[in-house]
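Here is how the chains run, residue by residue.
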Amino acid sequence: MAAPPLLALRGVCKRFGVVEVLKNIELEIHAGQVVALLGDNGAGKSTLVKVISGVAPAERGVIEWEGRTVHIRRPHDARNLGIATVYQDLALCGNLDVVGNVFLGREILRYGFLDEVEMERRTRHLLERLTRSIPDLRGPVVSLSSGQRQTVAIARSLLGEPRVLLLDEPTAALGFEQTTEVLDLVDELRDRGLGVLLISHNMGDVKALADRAAVLRLGRNNGFFDVNTASQEQIISSITGATENVPRRPAHREAGW
Amino acid sequence: MVKEMRGAADGSWTEPAAEADRSDPRRAVLDAVEGWVVVFRRKLSAGELGWLPVVLVLATVWIIFQSLNDNFLSPRNLSNLSVDIVGTGLIAVGIVFVLLLGELDLSVGSISGLAAAVFAVLNVNNGMPEWFALVVAVLAGTAAGTVQGYSFAKSRVPAFVITLAGLLTWNGIMLYILGTSGTINLDENGLVAKLTSHYFTNDAAAYGLAAVATALVFLVAHQDRRRRKAVGMPHRSLRGIAVRTAVAAVIAFSTAYVLNSFQGLPLALLIFLVVVAGLDVVLRRTHYGRQVYALGGGVEAARRASLSVTRVQTAVLAVSGTMAAIGGLFLASRITSVSQNSGSGVLLLNAIAAAVIGGTSLFGGRGTTWSAVLGMLVIQSIASGMAITDTPAALQFMITGGVLFAAVMIDALARRSQEAHGRA
């Protein structure tokens, strides 16, 4: 029997007030696989990331970690499982320096005080793996370029040797060269056996990188694809809703006229 | 590449190999100064002016008043100044914590008055031992701050609104416990009175403190250099450390000299400096302090990094309440009495102004406890200079207001330039 998926979502629901943002979501992430999460604006992609990372916990449904049911209620829970997240807005503290951001919430202490030297050493080590141009580690993050900030956010997510990495639009703000750098990195992480959930609008990235694609539409699953065999048209029509079997306009609305 | 960038960013740092051939001391000072110019340019372009504006303002104020009246920079006046800044300065240190969150605490004046009243009523009216009344008074401030902090953290209502309610409430409680008695005079020779009236008349005290401070500056820098060097990271050069230590020594020993020319080291100043230095270490070198700065940089980012936002926010306002209470006791000590006016008037405004003038940002996330010292020095220097030169109080308010306005503008410009820098 095949190993259970690293992370599996079964029938996950999430509502904000009366709006049902996610309904009965199914998703599996296996070790050594990149799963692309696709969908139009407002399909619930970022919300799903927040559910998995514990920022906005699910109301119903089951989350399984290597086959056993787990509860993710706080960001802390997700981190302890080995789930790391790079948010779309990066969630960096602009006033802290690079080292401070990378180690935020996981500071290394020495005699009860922050061990800046050791943290800086490890930050440098991490960044050397990710990029060729390392930014000034001691300047505030707010004065870095957007590409450098993205690198810092990714470095931070890799700090605790995570097993699953959630990337919410990691290349949206990047130039060509930096995009390549990030994609190479994702490739490398997959080879090291991490499970990656990649949100992207860029079909080129998805085709190049992902093994499987899960499509969300209006808060529901709208198809799973094997990226290597499915055509781009199939996937796109699933994103836009051309293939769904729901009438575009409910009949009763017209009946009311 | 990495090393190049690091070097360009901060010229007083060198690579391990680069320093052996430069042993000429004159060259050393020159290089260190050059390094600082590079650092200064970078900070200027990144919008971090740090202490420069407030030091310039302070120098200007001192030069102007000294030229108007020869007694302004006399040891007596400077020594009195160093005691006068302590009460409000301690309150301003608490304000720095709150400002780091990007919030404002309006209740510190009332809390300081409340703490003084609690002390006076327990000690003078009810005969409780001084030390015990003192502890209760400080804890009253902590409790008031904790209540406000918890409500702020849970309700997410801006802190200035909650502490505005606190301002009225604590003031009301103070008036209630003072009753109709009005003014309560403290024991002239008591513990609290001694807080601001005691001087260490032995010259060794002030010089000893100066020596310890200088040694600490050197040891911390040297230890940091040693550890960085051991793991092959960029580190401060020896001459950089030497210049830094020399600057610290000049400031510390000249202050000690001035104080010894009058009555010696004031106990109040000693306590103030120890508290400021201690809390500076807490803010910049501990897990808790890092969380305070992080919350100032972005509450949502901090929450996603699994920081306990509620706990930190509550603790910050608790610190501010505690510092307000301690400051209130020093203010009561200075006039050895507590009245219905304690903690009212411009005290709150001065405390906030001091923190901001000293360089703590109103937008949160930038500043240190030392800004309370520098800001208070500016405010109190203006007040003292005005008194010496017989200038009307109206002018004092206008000038202090102008300085505060300038400080806020510098803060806003610094922030803007930082953001613009980031877009590049």
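Residues numbered from 1 in each chain as written. Chains lettered and ligands numbered in written order. Predicted model: local features only at pLDDT ≥ 70, side-chain atom pairs only at ≥ 80, totals over all residues. Heavy atoms only, no water.

Engineer: Explain the overall build of chain A to me, using residue names and the numbers behind them.
Structural biologist: Secondary structure assignment for chain A yields nine helices and twelve strands. Taking 257 residues into account, the globule formula puts the C-alpha radius of gyration at 18 Å, and chain A, at 20 Å, falls close to it. In terms of overall dimensions, chain A has a C-alpha envelope of 70 × 50 × 35 Å along the principal axes. Relative to its full complement of 257 residues, chain A shows a buried share of 55%. Restricting the contact set of chain A to residue pairs at least 6 apart, pairs at least 24 apart contribute 65%. Accessible area of chain A: about 11700 Å², with a carbon and sulfur share of 50%. Averaging the coordinates of the 31 positive side-chain charges in chain A and doing the same for the 32 negative ones gives two points 6 Å apart. (Helix = DSSP H or I, 4+ residues; strand = E, 2+ residues; numbered from the N terminus. Rg over C-alpha atoms; globule rule 2.2 N^0.38 Å. Buried < 20%, exposed > 50% of the residue type's maximum accessible area, 1.4 Å probe, protein only. Contact = heavy atoms within 4.5 Å. Areas by Shrake-Rupley, 256 points an atom, 1.4 Å probe, with all protein chains shown as cover. Lys, Arg positive; Asp, Glu negative; His and termini not counted. Charge placed at Lys NZ, Arg CZ, Asp CG, Glu CD.)

Engineer: Could you give an account of the nonpolar core, naming the residues involved and the relevant values?
Structural biologist: Formed by 97 residues in total, the largest nonpolar core has its most connected members in Phe-272, Val-338 and Ile-357 of chain B. Considering every element that reaches this core, the biggest residue donor is helix H4 (residues 75-100) of chain B, with 15 residues. In this structure Ile-357 of chain B touches Val-54, Gly-375, Val-378, Ile-379, Val-403, Leu-404 and Ala-407 of chain B, once residues within four positions along its chain are discounted. Membership of the second largest hydrophobic core comes to 48 residues, among which are Val-99, Leu-130, Leu-183 and Ile-235 of chain A. (Core = buried A, V, L, I, M, F, W, Y, C linked by side-chain atoms within 4.5 Å.)

Engineer: Go over the sheet that holds strand E12 (residues 220-226) of chain A with me, naming the residues and quoting the values.
Structural biologist: Residue and element names in this part refer to chain A. Sheet architecture is open: six strands sit in the order E6-E9-E10-E3-E11-E12, paired in mixed fashion. Where the open sheet ends on each side, the last strands, each with one partner, are strand E6 (83-86) and E12. Geometrically, the sheet is characterised by an average inter-axis angle of 20° between neighbouring strands, direction not taken into account. Here five bridges tie strand E9 (residues 164-168) to strand E10 (residues 195-199), and the two strands are oriented parallel to one another. Bridged to Leu-166 within E10 is Leu-197. Sheet strands touched by helix H8 (residues 232-240): strand E3 (34-38), strand E11 (212-217) and E12. Its angle to E11, the strand with the most contacts, is close to 25°. (Pairing = 2+ DSSP bridges. Axes fitted to C-alpha atoms, helices over the stretch in contact; angles between N-to-C directions.)

Engineer: Report on the sheet that holds strand E2 (residues 19-29) of chain A, specifying residues and quantitative values.
Structural biologist: Residue and element names in this part refer to chain A. Spatially, the four strands line up as an open sheet ordered E2-E1-E4-E5, and their pairing is antiparallel. At either end of the open sheet lies a strand with only one pairing partner, and these are E2 and strand E5 (68-70). Each strand of the sheet is rotated relative to its neighbour by a mean of 35°, with strand direction disregarded. One ladder, built from seven bridges, connects strand E1 (residues 7-16) with E2; its direction is antiparallel.

Engineer: Please give an account of the pattern of salt bridges that cites residues and values.
Structural biologist: With the rule as written, the count across this model stands at 27 salt bridges over all chains. A salt bridge links Arg-228 of chain B to Glu-120 of chain A, with the shortest nitrogen-to-oxygen separation between them at 2.9 Å. Of this pair, Arg-228 of chain B sits in helix H9 (residues 203-230) while Glu-120 of chain A sits in helix H4 (residues 116-130), on two different chains. Glu-120 of chain A sits in the buried class, given a relative accessible area of 0%. Connected through salt bridges with shared partners, the residues Asp-97, Glu-116, Glu-120, Arg-124 and Arg-138 of chain A together with Asp-224, Arg-228, Arg-285 and Arg-290 of chain B form a single ionic network. (Salt bridge = Lys/Arg side-chain N within 4 Å of Asp/Glu carboxyl O.)

Engineer: A description of the packing of H4 of chain B against helix H10 (residues 238-261) of chain B should follow, citing residues and the corresponding values.
Structural biologist: All names here are of chain B. Here H4 crosses H10 at 110°, and the two axes come no closer than 8 Å. Viewed along their axes, H4 and H10 adopt a mutual orientation that is roughly perpendicular. Where H4 approaches H10, its residues Pro-75, Leu-78, Ser-79 and Ser-82 are matched on the opposing element by Val-258, Leu-259 and Ser-261. Residue classes in the contact of H4 with H10 are distributed as four nonpolar, three polar and no charged. (Parallel < 35°, antiparallel > 145°, perpendicular 65-115°, else oblique. Nonpolar A, V, L, I, M, F, W, Y, C, P; charged D, E, K, R; others polar.)

Engineer: Go over the environment of Leu-114 of chain A, please, and point to the residues and values.
Structural biologist: As for its position among the elements, Leu-114 of chain A is in strand E8 (residues 113-114). Look at Leu-114 of chain A and you get buried, because its relative accessible area is 6%. Measuring from C-alpha to C-alpha, the distance between Leu-114 of chain A and Ala-91 of chain A comes to 22 Å, with 23 residues separating the pair along the chain. Each residue touching Leu-114 of chain A, except ones within four places of it in the same chain, is listed here: Glu-107, Ile-108, Leu-109 and Met-119 of chain A together with Arg-284, Arg-285, Thr-286, His-287 and Arg-290 of chain B.

Engineer: Mind laying out the interface of chain A and chain B, listing which residues take part and the relevant values?
Structural biologist: Counting residues at the interface gives 40 residues for chain A, matched by 39 residues for chain B. Across the chain A to chain B interface the summed buried area is about 3300 Å²; carbon plus sulfur atoms make up 58%. For the chain A face of the interface with chain B, the top three residues by lost area are Asn-95, Leu-114 and Val-117 of chain A, together amounting to 16%. Summed over the shared surface of chain A and chain B, the number is five salt bridges. On inspection of chain A and its partner chain B, the count reaches ten residue pairs in polar contact (both at pLDDT 80 or more). (Buried area = accessible area lost by both parts, 1.4 Å probe. Polar contact = N/O pair within 3.5 Å; in protein donor to acceptor, adjacent residues only side chain to side chain.)

Engineer: So what's going on with the packing of helix H5 (residues 108-125) of chain B against helix H14 (residues 309-335) of chain B? Residues and values would help.
Structural biologist: Relative orientation and spacing of two packed helices are given, respectively, by the angle between their axes and the distance between those axes. Residue and element names in this part refer to chain B. Interhelical geometry of H5 versus H14 gives an angle of 60° and a closest axis separation of 7 Å. In terms of orientation, H5 and H14 fall into the oblique class. Here the hand of the crossing between H5 and H14 comes out right-handed. Residues Val-108, Ile-111, Ser-112, Ala-115, Ala-116 and Phe-119 of H5 touch H14, and the partners they reach there are Ser-320, Gly-321, Ala-324, Ala-325, Gly-328, Leu-329 and Ala-332. For the contact of H5 with H14, the residue count by class is nine nonpolar, four polar and no charged. (Left-handed = near helix turned anticlockwise from the far one by under 90°.)

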